[in-house]
Amino acid sequence: MFIADQPDLLVPTFILATDVADLLYDVEAGVRGTIGVEHANGNAAEIRYFAVTDQGVTAIATGSNLFSGIFNEASTNTGVTSMMTVLSSDVHSGELNWLTRGWGRIRPIFGARWLWLSEQWDVFESALSTTGTSSEVDNDMYGGQLGFDVCLWESNRKLRVDARFLGAILGNDADLRANRHDTTTVFSSFSAGNSEVAWAGQIDVTARWRPTGNLTLLLGYTGLWMDNVAQITDQTDNFTLSTGAGTFDLSNVTFQGGRFGIELAW
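Please read all numbers here as calculations on a predicted model, not as lab measurements.

Q: Looking at this model, I keep getting lost on the pairing of strand E6 (residues 80-99). Mind explaining?
A: Every regular strand shows the same layout, with side chains that alternate between the two sheet faces. For E6, the buried fraction is high: 15 of the 20 residues fall into the buried class. Pairing of strand E4 (residues 44-70) with E6, which is carried by 18 bridges, proceeds in the antiparallel orientation. Opposite phenylalanine 50, over in E6, you have serine 93 as the bridge partner. Examined bridge by bridge, E6 and strand E7 (residues 106-125) share 17 bridges and lie antiparallel to one another. The partner of methionine 83 across the bridge, within E7, is glutamate 125. Between E6 and E7, which pair antiparallel and follow one another directly, the connecting turn spans six residues, one of which, glycine 104, has a positive phi of 70°.

Right, here's the structure in full:
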């Protein structure tokens, strides 16, 4: 994608060129929850979910006479003096796991995994958000996963540090939609799809403090990595908006951050 300043229509001066490495997403809070049941024989089942939504970034370009290009096509934003590019990313994760009886400090995990990675990208006039280019890519991934929990350190049954390692193989159904529009007209639009095998890995490190028998306070770190997924900014030089012809560019993405919470047992 580019935004160009064109005081001379024959010799435009490019003042903002972006790719996914240039537009780094902001830090965003998320939610996470687990419900589990453990049998007296040591086996357990759990459902886990977490999500980070509306993780975004905004960039503004100014000049004397701007226009933008995206998906190998110039937009209708010609002659304005301020343009914006806005990206937003959502990630959702759902798991259904079976945990077997532990082998010493290690506990194996067998499960099913769903991951959803969605990114939206809009380029528009700063003063008129309904004129510009809109695009979105969704990665809908289903598959299985293996992993294990390991107790790294424990003291007096009140303090404990655990780690969880997970690896998943997933079928990825990627869908891309884009259009160029003004306030009343859609000038061109297209949609495309792709199916590939994706991989995901996750690590959780959690410190647990158990002040009472039923309450545990948690503090930890989570890192999630996905490979062979479609990111919206990677597609712009592979598709042509007016014809919808092109090929998917698949890459990898990482989400990471700290977390805190409580755990209740009964």
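Q: Just checking my understanding: could you explain the confidence of the model for the protein for this structure?
A: Detailed reading of predicted coordinates is not advised where the pLDDT is low. When pLDDT is averaged along the protein, the result is 89; 91% of the residues meet or exceed 70. Here strand E2 (residues 13-17) stands out as the element of the protein with the lowest mean pLDDT, 50, in contrast to strand E11 (residues 215-230), whose mean of 97 is the highest. With pLDDT under 50 throughout, residues 9-14 is counted as low confidence; its partners more than four residues away or in other chains account for 10 contacts.

Q: Quick question: what am I supposed to make of the packing of aromatic side chains here?
A: Each aromatic ring pair is specified by the distance between its two centres and by the angle formed by the two planes. A complete count under the given rule lists four aromatic pairs for this structure. With centroids separated by 5.7 Å and ring planes inclined at 75°, the aromatic side chains of phenylalanine 71 and phenylalanine 190 adopt a geometry described as edge-to-face. Here the residue phenylalanine 71 occupies a position in the loop between E4 and strand E5 (73-74), and phenylalanine 190 occupies one in strand E10 (residues 186-209), the gap between them amounting to 119 residues. Ring-pair connections join several aromatic residues into one group, and the members of that group are Phe71, Phe190, Phe239 and Phe248.

Q: Any chance you could explain the environment of arginine 107 here in plain terms?
A: Summarising the element assignment, arginine 107 is placed in strand E7. The exposure class assigned to arginine 107 is buried, which follows from its relative accessible area of 18%. For the pair arginine 107 and valine 91, spaced 16 residues apart in the sequence, the C-alpha separation amounts to 27 Å. Contacts of arginine 107, omitting those with residues within four sequence positions, involve Glu38, Gly42, Asn43, Ala44, Leu99, Thr100, Arg101, Gly102, Gly147, Phe148 and Asp149. Within the structure, the side chain of arginine 107 is placed 3.2 Å from the side chain of glutamate 38, a separation counted as a polar contact. In terms of polar contacts, arginine 107 uses its side chain to reach the backbone carbonyl oxygen of threonine 100, at 2.9 Å.

Q: Whenever I open this one, the pairing of E10 confuses me. Can you help?
A: In this structure, strand E9 (residues 159-181) lies alongside E10, joined through 23 bridges in antiparallel fashion. Bridging from a neighbouring strand, histidine 181 pairs with valine 186 of E10. Here E9 folds back onto E10 in antiparallel fashion, the turn holding four residues. Inspection of the sheet shows E10 paired to E11 by 11 bridges, in the antiparallel sense. Bridge pairing in E11 places threonine 206 opposite glycine 220. The turn linking E10 back onto E11 is made up of five residues.

Rules used in this analysis
Residues numbered from 1 in each chain as written. Predicted model: local features only at pLDDT ≥ 70, side-chain atom pairs only at ≥ 80, totals over all residues. Heavy atoms only, no water. Buried < 20%, exposed > 50% of the residue type's maximum accessible area, 1.4 Å probe, protein only. Helix = DSSP H or I, 4+ residues; strand = E, 2+ residues; numbered from the N terminus. Pairing = 2+ DSSP bridges. pLDDT = per-residue confidence, 0-100. Contact = heavy atoms within 4.5 Å. Phe/Tyr/Trp six-rings, centres within 6.5 Å; stacked < 30°, edge-to-face > 60°. Polar contact = N/O pair within 3.5 Å; in protein donor to acceptor, adjacent residues only side chain to side chain.

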